Amino acid sequence: MDHVKKNPMFLYLVILAVGSTVGLQAWTTLFNNFAVEVARLDGDGIGIIQSIREIPGFLALLAIFVIRLIPEHRLSALSILMLGVGLAATGLFPSLAGLAVTTLVMSFGFHYFETTNMSLTLQYFDKRTSPWVFGKLRSISAASSVLVGVFIFFMAAVMDFTRMYLIIGGLIVAIALWGFFRRPTSADMVPQRKRMIFRKRYSLYYFLTFMAGARRQIFIAFSVLLLVQKFGYSVQAVTFLFVLNNAINYFLSPTIGRAIIRFGERKVLSLEYASLIAVFLAYATTDSKWVAGGLYILDHIFFNFAMAINTFFQKIGDPGDVAPTMAVGFTINHIAAVFLPAIGGYFWIIDYRIPFIAGAVMALISLTAVQQIRIPTASPVASGSSPQAGLDGDGPE
């Protein structure tokens, strides 16, 4: 993959991905303590802020219209700038209204970068290399998460929240400014359609994207809650699991990318969903805190398999549809965030096992759906590559 690393777009995405990961991880790590100890928010206020944080993900499709005004790679840098500014300003406005505004700015930055990151990866790296690039970016992001966690752990003893927010936000702004002075693009890329696109032949991609978002919400909303509420995990224990997860993903993510290249999307996604059925059912039935911790680690690992959904689109999609479809897909992925946590929370009160059983059912539906994956013998490819047969490891069909 040496030729991939020499591609200017690879370095560009790596550096901006570090900024994105550092920003989101710093916000996530500091938010609850800052909201309670400094902003004096209660549970309802924290819930409002968390809901606000999901709004930009739901509005990711608006990126289609933004790239009419500025190039897509510039939108990536602008997104990181918004993330950095929003994070840096957080400590200066310790109130519900202040947090609402800074969170919205930060979240627009994060979600729009994630949208353009997926789009640019699929445009600039062909079908034989894009899974590896996705895996490598996730690996580097995992290492960045660990580093920012270590930084906050030590700096929290000598700095207040405002200074930590300003330092980390300032670093992210510097990364964004670096991005503004780079031109990693190539003139021979296929022009992207700058309007919303829904195509019947992308229906399976849309469905898998929606289901992946629903599965993500069950993990985010209820897995840690189970560890804390039922098994009494402390803050230190949850933090240890977080660090361990990212350390594992640093080494494992590129391997998953290579597995997609070798075995194909259908086999990799089938392994993910078959395993998740077992994971969710085990969440619902285990009485062992050690088993629950192991399930949390496995659950987190399987997040990486979702990159195969995007590489599946790359093999069936029109090269000019990449940017608008990634934006629409990101919105579809966040639809579940609007209603699933609230509904799941209601059922949690009735019986904590219900959300996990529902997750197992969704995994079974997804497992059935991925069996419909078919890769054309000569499918549309990303710009810069040529049609080739049966590249997904499932063979031509």
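As shown above, the structure is provided for reference.
Note that the structure is a prediction, hence the values are computed from the model and not measured.

K.L.:
Any chance you could explain the overall build of the protein here in plain terms?
P.N.:
The number of helices and strands found in the protein is 15 helices and zero strands. Relative to its length of 397 residues, the protein is compact, with a C-alpha radius of gyration of 20 Å against a globular reference of 21 Å. Its C-alpha atoms put the protein at 55 × 50 × 35 Å along the principal axes. For the protein, with 397 residues in total, the buried portion stands at 54%. Excluding contacts between residues fewer than 6 apart, the proportion of contacts in the protein whose partners are at least 24 apart in sequence is 85%.

K.L.:
What am I meant to see in the environment of I309 here?
P.N.:
Residue placement: I309 occurs in helix α13 (residues 307-316). Considering only alpha carbons, one finds I309 and I52, 257 residues apart in sequence, at a separation of 27 Å. Leaving out residues up to four positions away in the same chain, I309 has contacts with Y205, L208, T209, A212, L269 and Y273.

K.L.:
What exactly am I supposed to notice about the packing of helix α11 (residues 265-285) against helix α15 (residues 353-370) here?
P.N.:
A pair of packed helices is captured by two measures, namely the crossing angle of their axes and the spacing between those axes. Their axes nearest at 8 Å, the elements α11 and α15 cross at an angle of 165°. Judged by the inter-axis angle, α11 sits roughly antiparallel to α15. The two elements α11 and α15 meet at a crossing, and its hand is left-handed. Across from R266, L269, S270, Y273, A274, L276, I277, F280, L281, Y283 and A284 in α11, the residues of α15 making contact are R353, F356, I357, G359, A360, A363, L364, S366, L367 and V370. Tallied by class, residues from the contact of α11 with α15 come to 16 nonpolar, three polar and two charged.

K.L.:
Explain the nonpolar core to me, please; I cannot follow it from the model alone.
P.N.:
Here is a general trend for soluble globular proteins: nonpolar side chains tend to be buried in one another's company. Core analysis: the biggest nonpolar cluster contains 70 residues, and Y283, F356 and I373 have the highest contact counts within it. It is helix α9 (residues 203-229) that provides the largest number of residues to this core, a total of 12 residues. For Y283, the contacting residues outside a window of four places in its chain are F219, S223, L226, A292, L295, Y296, D299, Y352 and F356. Among the nonpolar cores identified, the runner-up in size contains 45 residues, and W27, F31, A35 and A100 belong to it.

K.L.:
Looking at this model, I keep getting lost on the packing of aromatic side chains. Mind explaining?
P.N.:
Aromatic rings in a pair are described by how distant their centres are and how their planes are angled relative to each other. A full pass over the atoms with the stated rule returns 22 aromatic pairs. Ring geometry for F153 and F154: centres 5.3 Å apart, planes at 90°, overall edge-to-face. A single burial state applies to F153 and to F154, both of which are exposed. Relative to Y296, the ring of F219 lies with its centre 5.3 Å away and its plane at 20°, an arrangement referred to as stacked. One end of the pair, F219, is in helix α9; the other, Y296, is in helix α12 (residues 289-302), and 77 residues separate them in sequence.

K.L.:
Any chance you could explain the pattern of salt bridges here in plain terms?
P.N.:
A side chain with one charge can pair with a side chain of the opposite charge if their charged atoms come near. Throughout the structure, instances matching the rule amount to six salt bridges. Between R199 and D321 there is a salt bridge, with the nearest N and O atoms lying 2.7 Å from each other. Taken together, the residues R199 in the loop between α8 (161-180) and α9 and D321 in the loop between α13 and α14 (322-350) connect sequence positions 122 residues apart. Put simply, D287 and K230 hold a salt bridge, and the shortest N to O gap is 3.2 Å. Residue D287 is located in the loop between α11 and α12, and its partner K230 is located in the loop between α9 and α10 (235-263); the two are separated by 57 residues in the primary sequence. Looking at D287, the relative accessible area reads 66%, which means it is exposed.

K.L.:
Help me understand α12, please; the structure alone is not making it clear to me.
P.N.:
Its 14 residues place the ends of α12 20 Å apart at the C-alpha level, agreeing with the 20 Å of an ideal helix rising 1.5 Å per residue. For α12, the full list of buried residues reads A292, G293, L295, Y296, I297, D299, H300, I301 and F302. The backbone nitrogen of W290 lies 3.3 Å from a side-chain oxygen of the residue at the head of α12, namely S288.

K.L.:
Hey, could you run me through α9 in this one?
P.N.:
Think of an α-helix as 3.6 residues a turn; residues three or four steps apart then line up on the same face. For α9, spanning 27 residues, the distance from its first C-alpha to its last is 39 Å, which sits close to the expected 39 Å at 1.5 Å a residue. For α9, the principal kink sits at F222 and spans about 30°.

K.L.:
Looking at this structure, how should I read a nonpolar patch on the surface?
P.N.:
Taken together, F58, I335, V338, F339, I343, Y346, F347, I350 and I354 make up a surface patch of nonpolar side chains, about 790 Å² in accessible area. With respect to the helices, strands and loops of the structure, I343 is situated in helix α14.

K.L.:
For this particular structure, what's the right way to read the environment of K136?
P.N.:
Counting through the fold element by element, K136 comes out in helix α7 (residues 130-155). A C-alpha to C-alpha distance of 15 Å links K136 and E114, two positions 22 residues apart in sequence. Each residue touching K136, except ones within four places of it in the same chain, is listed here: F10 and P254.

The rules behind these values
- Residues numbered from 1 in each chain as written.
- Predicted model: local features only at pLDDT ≥ 70, side-chain atom pairs only at ≥ 80, totals over all residues.
- Heavy atoms only, no water.
- Helix = DSSP H or I, 4+ residues; strand = E, 2+ residues; numbered from the N terminus.
- Rg over C-alpha atoms; globule rule 2.2 N^0.38 Å.
- Buried < 20%, exposed > 50% of the residue type's maximum accessible area, 1.4 Å probe, protein only.
- Contact = heavy atoms within 4.5 Å.
- Axes fitted to C-alpha atoms, helices over the stretch in contact; angles between N-to-C directions.
- Parallel < 35°, antiparallel > 145°, perpendicular 65-115°, else oblique.
- Left-handed = near helix turned anticlockwise from the far one by under 90°.
- Nonpolar A, V, L, I, M, F, W, Y, C, P; charged D, E, K, R; others polar.
- Core = buried A, V, L, I, M, F, W, Y, C linked by side-chain atoms within 4.5 Å.
- Phe/Tyr/Trp six-rings, centres within 6.5 Å; stacked < 30°, edge-to-face > 60°.
- Salt bridge = Lys/Arg side-chain N within 4 Å of Asp/Glu carboxyl O.
- Expected span 1.5 Å × (residues − 1).
- Polar contact = N/O pair within 3.5 Å; in protein donor to acceptor, adjacent residues only side chain to side chain.
- Bend = angle between axes of the 7 residues up to and from the residue.
- Patch = residues over 30% accessible without salt bridge, like charges linked within 9 Å, V, L, I, M, F, W, Y side chains within 5 Å.
- Areas by Shrake-Rupley, 256 points an atom, 1.4 Å probe, with all protein chains shown as cover.

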